[in-house]
Number of protein chains: 4
Amino acid sequence: MLKSAAEPDFIETEVSVRYAETDKMGVVYYANYLVWFEVGRVAWCKAKGFHYAEMETKDDRYLMVAEANCRYKSPARFEEDIVVRTGLARATDKVIRYRYEICKKSTRELLATGETTHVVTDMNYHPARLPDRYRKFFSLPPRRAENYELRMTNDE
Amino acid sequence: MLKSAAEPDFIETEVSVRYAETDKMGVVYYANYLVWFEVGRVAWCKAKGFHYAEMETKDDRYLMVAEANCRYKSPARFEEDIVVRTGLARATDKVIRYRYEICKKSTRELLATGETTHVVTDMNYHPARLPDRYRKFFSLPPRRAENYELRMTNDE
Amino acid sequence: MLKSAAEPDFIETEVSVRYAETDKMGVVYYANYLVWFEVGRVAWCKAKGFHYAEMETKDDRYLMVAEANCRYKSPARFEEDIVVRTGLARATDKVIRYRYEICKKSTRELLATGETTHVVTDMNYHPARLPDRYRKFFSLPPRRAENYELRMTNDE
Amino acid sequence: MLKSAAEPDFIETEVSVRYAETDKMGVVYYANYLVWFEVGRVAWCKAKGFHYAEMETKDDRYLMVAEANCRYKSPARFEEDIVVRTGLARATDKVIRYRYEICKKSTRELLATGETTHVVTDMNYHPARLPDRYRKFFSLPPRRAENYELRMTNDE
């Protein structure tokens, strides 16, 4: 049921490096790239046609992070304009994986790459399924009766 | 109904400066002192005999911040041990004010001072009153019947 | 030598509330407003014609925070678009004060107000003066010889 | 030249979950585990006999993060006492890798695991070697003349 996405369709959004995000080494502190990944995910959702905030408040579905990775190639500095590129790497109605590229806007130099894997849950952190109306945003086919039965006997 | 506390009874707790808390100037970023104030408040609650987490989850009472101030006297550096001193400056069953002193542990040098003012609310951010069982922690007298009636006709 | 600015000329910039900026109460954590103030200051500098990053790296001048205040009126929520309005409240070549208004973009509702006071320093945190070429950005008159002598005998 | 460490010698340190570290889902925001990893690394250094701050300021050597991973198993909540366990996974005089386990103190439940890989650099982010006096802390043998020559002709 996994959607292969060798070349994900990247959505771009921009952040400008905040002083708060730098550390005493003069560059952006490593944990803050995960915050930028989140900024990228939220922009990805908007670009696809929904607000992540509404998935939580209206549909009681949360994309809890199960795993996060980041590889740091070159440091980012205060006031630099940064492009966060976010693509869908894998999607089922239970597990979503995003891929990220962090670039310097002026030169398009690649500063970092990363991935996050998310489990769909309800507000009590219990595993759940993506609501049907969100399937299209994640390039999942609509659920048909026969699909559903198939899935029940041969789930991932 | 305000408790005057010219010399508040300070509760001390310690933090060690995290790399994440520094900025490109090599010292602790100014907003992080407000995080230390929060660490101080939580330690103050524990020292007084209750957990702030339980006030929220068991009693549906939140100390929402209405105002925060900080005066920065000398910078704090990575790995320095810091003493956060927290005292109750004012308390009613609706409004709580804390006072803070941030010191370097090794020399007791005063690095910053501050205050935060909190409004007691429920989980929907609506004003509420401190539950009776918390009154003693904030040096408020127990509510008596006559007090209660008096208050109803002559509230602050 | 202080420039009175009863109605400062506010510069506006926007932020969108990040998930990272919220806390378990469901709204933006109070210290993060100070980060938004910083975003506002940097935007103010750009609007006036210079990059704060260059003041630090090229001119060895830093606007160290000496005091910060924030009054919280209404909470900000995840994904809300926020307008940060930043105005110069006072300026000498040694001390700069900014004023801030945080508004919800959609309704222009005022969510918070605040001020920060900054001391001009060099990279070793020692008091210094604003370089002459920055005076105009802060509405300070150019330094003339007679002014300079006057100032030496009757400094603030 | 890599030191295999199948069962690294874990150093334990404790943090208490800060309100600032939680997000609107009511649990610790995922990027903050990387901050805890940093707290663990600093504690590891202290336990081994040196201060990481001094490696930077006195020896001009920085452990820049090249890669970070975290797997999240169970959420951490406000005011919970957390044990950060940090072990050395690999070490050369150019590359250091740490492994982490994040546990709930009360039950020892494993909440997350992770790794960070660091490149030894100077303050300009250029690759460098660990100073000789730090080799023992990372279980690296002292450099001898013959070793040195060997290394020069057959470096990794």
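That block above? That's the structure.
These figures come from a predicted structure and were not determined experimentally. (Residues numbered from 1 in each chain as written. Chains lettered and ligands numbered in written order. Predicted model: local features only at pLDDT ≥ 70, side-chain atom pairs only at ≥ 80, totals over all residues. Heavy atoms only, no water.)

1. Examining the interface of chain A and chain D
Stated precisely, the cut-off is as follows: Two residues form a contact once any of their heavy atoms are found within 4.5 Å. Once two parts are brought into contact, the accessible area they lose, counted with a 1.4 Å probe and summed over both, makes up the buried area. Put simply, a salt bridge is a Lys or Arg side-chain nitrogen that is within 4 Å of an Asp or Glu carboxyl oxygen. Any pair of N or O atoms that falls within 3.5 Å is considered a polar contact. Within protein, one atom must be able to donate a hydrogen and the other to accept it, and sequence-neighbouring residues count only if both atoms are side-chain atoms. What counts as a helix is a DSSP run of H or I of at least four residues, what counts as a strand is a run of E of at least two, and both are numbered from the N terminus. Each residue receives one of three labels: charged for Asp, Glu, Lys and Arg, nonpolar for Ala, Val, Leu, Ile, Met, Phe, Trp, Tyr, Cys and Pro, and polar for the others, Gly being one of them.
At the interface, 29 residues of chain A touch 29 residues of chain D. Around 2400 Å² of area is buried between chain A and chain D when both sides are counted, 59% of it from carbon and sulfur atoms. It is Met 25, Tyr 30 and Tyr 125 of chain A in chain A that bury the most area against chain D; as a group they hold 30% of the surface buried on that side. If you look at where chain A meets chain D, you find two salt bridges. The shortest N-O distance in the salt bridge between Lys 24 of chain A and Glu 56 of chain D comes to 2.5 Å. The interface formed by chain A and chain D includes 14 residue pairs in polar contact (both at pLDDT 80 or more). Secondary-structure elements contributing two or more residues to the side of chain A that touches chain D are α1 (32-48), β2 (62-72) and β5 (110-121) of chain A. For the side of chain A that touches chain D, the element with the most residues is β2 of chain A, which contributes ten residues. A class-by-class count of the residues in the side of chain A that touches chain D yields 17 nonpolar, four polar and eight charged.

2. Comments concerning unusual backbone geometry
Working note: non-glycine residues mostly have negative phi, and peptide bonds are mostly trans. Stated formally: To sort residues, take the accessible area from a 1.4 Å probe on protein chains only and compare it with the maximum for the residue type: under 20% means buried, over 50% means exposed, and anything in between is partly exposed.
At Glu 79 of chain A, a residue that is not glycine, the phi angle is positive and equals roughly 75°. Assignment of secondary structure puts Glu 79 of chain A in the loop between β2 and β3 (81-91). By relative accessible area, which is 9% here, Glu 79 of chain A ends up buried. Positioned with a positive phi, Ser 139 of chain C is a non-glycine residue whose angle comes to about 60°.

3. A word on the sheet that holds strand β5 (residues 110-121) of chain B
The line we're drawing: At least two DSSP bridges between two strands are required for those strands to pair. As a rule, the C-alpha atoms of each element are fitted with a line to give its axis, helices using only the stretch in contact, and angles between N-to-C directions run from 0 to 180 degrees.
In spatial order, the strands read β1(B)-β3(B)-β4(B)-β5(B)-β2(B)-β2(C)-β5(C)-β4(C)-β3(C)-β1(C); together these ten strands make up an open sheet with antiparallel pairing. The open sheet has two free edges, formed respectively by β1 (11-16) of chain B together with β1 (11-16) of chain C, since each of these has just one partner strand. Between one strand axis and the next, the sheet turns by 25° as a mean value, whatever way the strands run. With five bridges connecting them, strand β2 (residues 62-72) of chain B and strand β2 (residues 62-72) of chain C associate as antiparallel partners. Counted as the bridge partner of Asn 69 of chain B is Asn 69 of chain C from β2 of chain C.

4. Side note on the pairing of strand β4 (residues 95-104) of chain C
Residue and element names in this part refer to chain C. With nine bridges joining them, strand β3 (residues 81-91) and β4 adopt antiparallel strand pairing. Considered in β4, the bridge of Arg 90 is made with Arg 97. Pairing of β4 with strand β5 (residues 110-121), which is carried by nine bridges, proceeds in the antiparallel orientation. Within the sheet, the bridge partner assigned to Cys 103 lies in β5 and is Leu 110.

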